[in-house]
Every structure is written in C-alpha cells, then in structure tokens.
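Here is what each chain is made of, one letter per residue.
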Amino acid sequence: MGVNIKGGNNGVGLANVSATYELNVVTPQTEENAGFVQLSTEADAGNVLGTRTVIPLEASDDYRLRVGLDQTLYNQSFEGTVVATHMFNQTLSTMTTNQASGYFSLNSGNATANGNHAIFQTRRSFPLYGTYPTYVDMWIREGGFNETNAVSEFGIGFVATTAAPTDGVFFRRNNAGVLRAVVNYAGSETEATIDTTNVIDRGAGTAYSPSECNHYLIVIHNDIANFWINDILVASIGCPDSQPSLASSSSQPLFARVYNSGVASGGRRVEIGFLNVSLGDQHNNKPWSHALCGLGQGCYQTQLGTATAQTANWANSTAPVSASLSNTAAGYTTLGGQYQFAASATNETDWALFAYLNPAGTNALAGKTLYVTSIRVSKMLVTGAAAVNATMFFWAVGIGSSAVSLATTDAATTVSPKRIPLGIQNHLAAAAVGTGADGFDVQFTDAPLVVQPGTYLHIILKQLNGTNTASLVFRGQVMVNGYFE
C-alpha cells in the first residue's frame, strides 16, 4: 500500500519533505530520545552458516577497528626453483617435494603407499596472544583432493610423521576428501565440517574448486577461530569451556602436511603458492627493519629465492683467499667479511676490496632493495713482514654503481658509485707482525644507504704511502649490517 508524503509546512506533528519529496530527517538532539544506527559488514548472509553473520565494519574478534596496525610476521613466496631451506623444514618419508611455477608442492611424485608423508613447517613460530588476533593466510591449490586413504592439512600447529597433530588450528581434508575446520588443544580436537556450496573462486565467479588456487584464512583469537575461503566465512569454532585457549601452545609454526592413512587411491598433493602470517590490532611499535629481519630478509644471508648462504666472506675454519687489488674487478664479491691482501706499490688508487651485486629482480627472483644501516671496519693487523714506509689507508663505501668497475660514470645506461668516506687507518714504518690499527663503526640509522636491485655496494680501500713490497700483508674484517625489502 502506498503512503502519501507531503510537506508539513513546519506544522506541529507534521513531517516536512523537500522540493523533490525526500523526507527531511534530523536525528534526535536529546540523548534519552536517541536511537541507534549500526554500521557493519556482512560476513555471511546465512547461505553458509545458516544464520546471518555481521561484523562491525572491519572489526576484529576483540571489537577493534582495523586501522592499519596489523604487523606482518611472515611472508613467503615461491619464485624460481631454489628452496628456502633456512625458512622452513621438510620432513619426508618416500614422498617428495618440488618447487616450480610459483608453487611448493608436497608429494610432487604422487606417492600412494601406506604411511608415506611430506611435511612443510616453518622454522619460526608465531605468537597467539589472548586479545589480539593472529591471521594465517595461505594461497593453496590441491591435487588429487578426492583420493581416498590420504589426508592433507594446513594451518598453524605441531605435526610429525603420520600421527595426529599435538596442537594447532588448521584446515583438514580427510581421507574421504571432506574439508573440515579443526581446533586442536594438546591433542584434543574440535572439528567442524565445512560446506563450500556457496563459496566461489577468486576470479571468474564460478564454483569453488580445490584444484584451483584458493585463499584460505584462519583468524585465531583466544575465544574463537574463524575459517575463511576466498573471503567467505565457512566455519567458526568457539573455545570449549574446559580450555583456557584454542591451542595449548601460545607460539606455533606454520605447517602443511600430506600423508597416506592407508594405500591411497591416487596421489594427494598440497601445492603452496603464498603464505603470510600477521598480528592484528596490536600497535607493537616494532621497527620495519626488525619485522623484515624476522621475515628472513636480514642482509647477513642471501635473499629468498637464491641459494641459501651467508653474504659475508667467511669460510668455516679457513683463512680468506688473498684479494687481488683492482679498481675494475672485485677483490671479494661478498657483502663484507674477512679480507687479506699484500701491500701495493701503487698510491691513490681506489680498490674495490668488496663489490656485492644486489641481485636484479626476475620472474624467478624478487628484486629486493638493500638498506644498509651500519658498517664496521675492524682493527687492521699486520700479518706479514714489516716494511720501511709508514702506511695509511682511506676507507669508503660506494653505493649504486651499475657495474663493478669503480671507474663507471653516470650516463644514459650506467650509474657511478656514490662514495661516502668511512675512516682512516695508520700503520707506522717497520711495524711488527701483530701490530694493529684501530677500526671504527659508522651508523646510517637515520638515513640508511640504499642499494637498488641490480646495482653494487662497494667497500673501497685506498693506500697512501711510499714504496711497499708485497711481503707486507694486512688482514681484517668488514661487517655490513642492514636488510632487504
């Protein structure tokens, strides 16, 4: 039935309308007469869970609005074929793993024998705080998800071999191919079957398929765990009354696992495309550099996607190879470390004692910017026979050169090294073996040195003295501190 609305002309008990017949509304100015307006987002219209579920705006489970305070704790992609073994463990029994085409695959060989298993588990553990949610994001596709007598699990927690998990919060696709949400407290499990009927894929808007790459998210709060697939809330498990928290351990690693609970009808695979763990709500004031080092991006180790190693020149129980002093080639291609060289008869030549190439980005290796926050030059020792002349060394750092040669100039396709003085060391004439010249630390905390992908960081050394012979040998260390972003 239609209702006629007309202007009340400011009469008592009559509502006014505008010239285009919109009702003029003013909210009550008296507090006791005020009503309520709810601003919320709909997590589920009731299609999945059966009842409508709304969340106030982007509020967490502890009623805090999400306003950009989330702190990334872990971020892992799988470009190229080099496995980042310094970031995670692999536990394998007959099953194999493989990294290719942007995915890290568990049971890449499709093993089907009873008891075979493959486990991915991060070396780092992540906190589960009482009133601050932990977000576990996983972009995963599954192969052979309908194969029977095989089980796949992914989330956060502790697992080993084919035994039941001892703790954690995770997705489980059981040996019948049914997807479930699981909360495990010290081995005691609470499960919820997940109905994916109304879940759609990430792009085309078609039905959810486990064989496609889907975004799985677990939000863990002390009182509830919410499970999402492609931004659809698919399950919620409240903390059982008998438990103080959802999981027994307050810090747990990220994991994914495939195992055969019998002779599998075919190969079950979990293929991990991207991982992220973040802490919500808490403004923990952790510097971004600290967060990146926690993500495995400290410059003391090579970047993710390259062969796992340290960046400094320091072989185990081995003296450094003597550097060939040159201004067109690197004495060492590392990011600092030990050095050793024989004195030169040449003066006023800038030598590229260290020249580290920050890898350029490719589709198989993410290009990372190197931020240098400090450089330490240790005491320099005389380790060979003394010479007649006093010797002085000028130290500098070179930033951003497009080539290893210190003679590189700025041009259309080249960039010169930008030199920054570091300090000076002196050795007296006829200094005995073991004589040292004090080192120094230079901090770049407020304004870090920035080395772009595909450019060099040089540690430059210049000798000032009279004629010396190669029998005079110097040895020392250089430390470069910083992080990749």
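Provided above is the structure to which this section pertains.
Going along each chain's sequence as written, the residues are numbered from 1 onward. Local features in this predicted model are restricted to residues whose pLDDT is 70 or higher, and side-chain atom pairs enter the listing and the counts only when it is 80 or higher, whereas totals over whole chains, interfaces and linings include all residues. Only heavy atoms go into the side-chain values, all of them from the structure, while hydrogens and water stay out.

Q: I tried to follow the packing of aromatic side chains on my own but got confused; where do I start?
A: To describe a pair of aromatic rings, you give the distance between the ring centres and the angle between the ring planes. The rule is short: rings of Phe, Tyr and Trp, with Trp giving its six-membered ring, pair when the centres are within 6.5 Å, and they are stacked under 30 degrees, edge-to-face over 60, tilted in between. Throughout the structure, instances matching the rule amount to 21 aromatic pairs. Measuring from centroid to centroid gives 5.3 Å for Phe171 and Phe227, while their planes differ by 85°, and the two rings are edge-to-face. One end of the pair, Phe171, is in strand β10 (residues 167-173); the other, Phe227, is in strand β14 (residues 224-229), with 56 residues separating them in the sequence. Taken together through their ring pairs, the aromatic side chains of Tyr339, Phe341, Trp351, Phe393, Trp395 and Phe474 make up a single cluster. Taking the ring centre of Tyr103 as reference, the NZ or CZ of Arg141 above it sits at 3.8 Å. Here a strand is any run of E in DSSP of at least two residues, a helix any run of H or I of at least four, and the numbering for each starts at the N terminus. Two conditions define a charge sitting above a ring: the NZ of Lys or the CZ of Arg must be within 6 Å of the ring centre, and it must be within 35 degrees of the ring normal.

Q: Quick question: what am I supposed to make of the environment of Glu191 here?
A: Positionally, Glu191 belongs in strand β12 (residues 188-193). For the pair Glu191 and Thr445, spaced 254 residues apart in sequence, the C-alpha separation works out to 49 Å. Those residues within four positions of Glu191 in sequence are excluded, and the remaining contacts are Arg172, Arg180, Ala181, Val182 and Ile237. Two N or O atoms count as a polar contact when they lie within 3.5 Å, although within protein this holds only if one can serve as hydrogen donor and the other as acceptor, and sequence-adjacent residues are included solely when both atoms are side-chain atoms. In terms of polar contacts, Glu191 uses its side chain to reach the side chain of Arg172, at 2.9 Å. A polar atom in the side chain of Glu191 sits 3.1 Å from the side chain of Arg180. In this analysis, two residues are considered to be in contact whenever any of their non-hydrogen atoms come within 4.5 Å of each other.

Q: Would you mind showing me how to read the nonpolar core here?
A: Soluble, globular proteins show a tendency: their nonpolar side chains are buried together. Residues Tyr74, Phe120, Phe171 and Phe227 are the most contacted members of the largest nonpolar core, which totals 54 residues. Take this core: its biggest share by element is five residues, from strand β17 (residues 269-279). Residues contacting Tyr74, with those up to four places away along its chain left out, are Met87, Phe88, Phe120, Thr122, Phe126, Leu254, Leu275, Asn276, Val277 and Leu295. What makes a nonpolar core is a set of buried Ala, Val, Leu, Ile, Met, Phe, Trp, Tyr and Cys residues whose side-chain atoms join them at distances within 4.5 Å. When accessible area is computed with a 1.4 Å probe and restricted to protein chains, residues below 20% of their type maximum are described as buried, those above 50% as exposed, and intermediate ones as partly exposed. Among the nonpolar cores identified, the runner-up in size contains 36 residues, and Ala323, Val372, Val377 and Val478 belong to it.

Q: Got a minute to help me understand the pattern of salt bridges in this structure?
A: A side chain of one charge can pair with a side chain of the opposite charge when the charged atoms of the two come close. Any carboxyl oxygen of Asp or Glu that lies within 4 Å of a side-chain nitrogen of Lys or Arg is treated as forming a salt bridge with it. In this structure the tally under the stated criterion is 13 salt bridges. A salt bridge links Arg172 to Glu189, with the nearest nitrogen and oxygen atoms 2.9 Å apart. In this pair, Arg172 sits in strand β10 while Glu189 sits in strand β12, placing the two residues 17 residues apart along the sequence. On the basis of relative accessibility, which here comes to 11%, the residue Arg172 falls in the buried class. In this structure, Asp350 engages Arg419 in a salt bridge whose closest nitrogen and oxygen atoms are separated by 3.2 Å. With Asp350 in strand β19 (residues 350-357) and Arg419 in strand β23 (residues 418-427), this residue pair connects regions lying 69 residues apart in the sequence.

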